[in-house]
Structure formats: structure tokens, C-alpha cells
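Per-entry structural report
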Amino acid sequence: MKVNSHLNDASIFELASSVLNVPQSQSELYFQLKYDLDQHLPITLRAGGTSLGGQAIGSGVVIDVSRHLTHILDYRPDEFEVDV
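As the structure is a computational prediction, the values presented were derived from the model and not from experiment.

Analysis parameters
Residues numbered from 1 in each chain as written. Predicted model: local features only at pLDDT ≥ 70, side-chain atom pairs only at ≥ 80, totals over all residues. Heavy atoms only, no water. Helix = DSSP H or I, 4+ residues; strand = E, 2+ residues; numbered from the N terminus. Buried < 20%, exposed > 50% of the residue type's maximum accessible area, 1.4 Å probe, protein only. Areas by Shrake-Rupley, 256 points an atom, 1.4 Å probe, with all protein chains shown as cover. Pairing = 2+ DSSP bridges. Axes fitted to C-alpha atoms, helices over the stretch in contact; angles between N-to-C directions. Contact = heavy atoms within 4.5 Å. Phe/Tyr/Trp six-rings, centres within 6.5 Å; stacked < 30°, edge-to-face > 60°. Salt bridge = Lys/Arg side-chain N within 4 Å of Asp/Glu carboxyl O.

So, about the overall build of the protein chain. Counting its regular elements, the protein chain contains one helix and five strands. The linear arrangement of helices and strands in the protein chain, starting from the amino end, is β-α-β-β-β-β. Evaluated residue by residue, the protein chain yields a buried proportion of 25% over its 84 residues. Carbon and sulfur atoms make up 55% of the accessible area of the protein chain, which amounts to about 6,100 Å² in all.

In this section: the sheet that holds strand 2 (residues 43–46). Within the open sheet, the three strands sit side by side as 1-3-2. Their pairing is parallel. The outermost strands of the open sheet, each flanked by one partner alone, are strand 1 (19–21) and strand 2. The sheet shows a mean angle of 20° between the axes of neighbouring strands, direction not considered. When strand 1 meets strand 3 (residues 61–64), the two strands line up parallel, connected through three bridges. Looking across to strand 3, one finds that leucine 20 is bridged to valine 62. Packed onto the sheet, helix 1 (residues 26–38) meets strand 1, strand 2 and strand 3 and runs at close to 165° relative to strand 3.

Turning our eyes to something else, we now look at the packing of aromatic side chains. Throughout the structure, instances matching the rule amount to one aromatic pair. Measuring from centroid to centroid gives 5.2 Å for tyrosine 30 and phenylalanine 31, while their planes differ by 80°, and the two rings are edge-to-face. We classify tyrosine 30 as partly exposed; its relative accessible area is 49%.

Residues Val61 and Ile63 line one face of strand 3 and the alternating positions Val62 and Asp64 line the opposite face, and both faces are buried. Pairing between strand 2 and strand 3: four bridges, direction parallel. Each bridged residue has a counterpart across the sheet, and for leucine 45 the counterpart in strand 3 is isoleucine 63.

Let's shift gears to the pattern of salt bridges. All chains considered together, the criterion is met by five salt bridges. Note that aspartate 38 is salt-bridged to lysine 34, the shortest N-O span being 3.0 Å. Of this pair, aspartate 38 and lysine 34 both sit in helix 1, four residues apart, which is roughly one turn of that helix. With relative accessibility at 38%, the residue lysine 34 sits in the partly exposed group. A single salt-bridge network, built from bridges that share partners, covers Asp74, Arg76, Glu79, Glu81 and Asp83.

To continue, consider the environment of glycine 60. With respect to the helices and strands, the residue glycine 60 is situated in the loop between strand 2 and strand 3. Residue classification places glycine 60 among the buried residues on the basis of a relative accessible area of 7%. Between the C-alpha atoms of glycine 60 and leucine 41, which are 19 residues apart in sequence, the distance is 6.5 Å.

Remember, this is a structural readout, not a statement about activity or role.
Below, the structure is given as C-alpha cells:
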């Protein structure tokens, strides 16, 4: 995956992130998020959706879950929750 692909989204905005992480498991994602939150780092999550307003880019840590964390484990429509 090219790091440059995370400089922009479908919007006109372009912003370089300081770190790009692509977790391969739920535990990797959990520990990455915990570390980033403990360090008060700005986090931007990227998945399979699109953005026309710059929401999918950020100057801090970009965590891309679109490559490995793609399976729906549980769906609770009454609670508006999905576990992936």
C-alpha cells in the first residue's frame, strides 16, 4: 500500500499524516488505539467508505482497517451497532 494514497480522499483536501498503521487483527487495532489515546495523539480511521469533505485524512495517526479488518462478526440493527 502506498503511503501517498492516504494524503487525500475523494475531496479537494490533501494532508500528510505523521504515521500510517494497517493493523492485521483486532488485538493490533486495540493496542494501537490504546497507545494513541494514552499519548493524546490525533487519530483518523480509514475504512471502505468514501469521503467528499476531508473526513478520511488527518495530520496525526491514520489507521487503515480496510485491508485486513473486513469481516462482519455481529450485527445489531436495533442498537445501530456492527462488530467487525
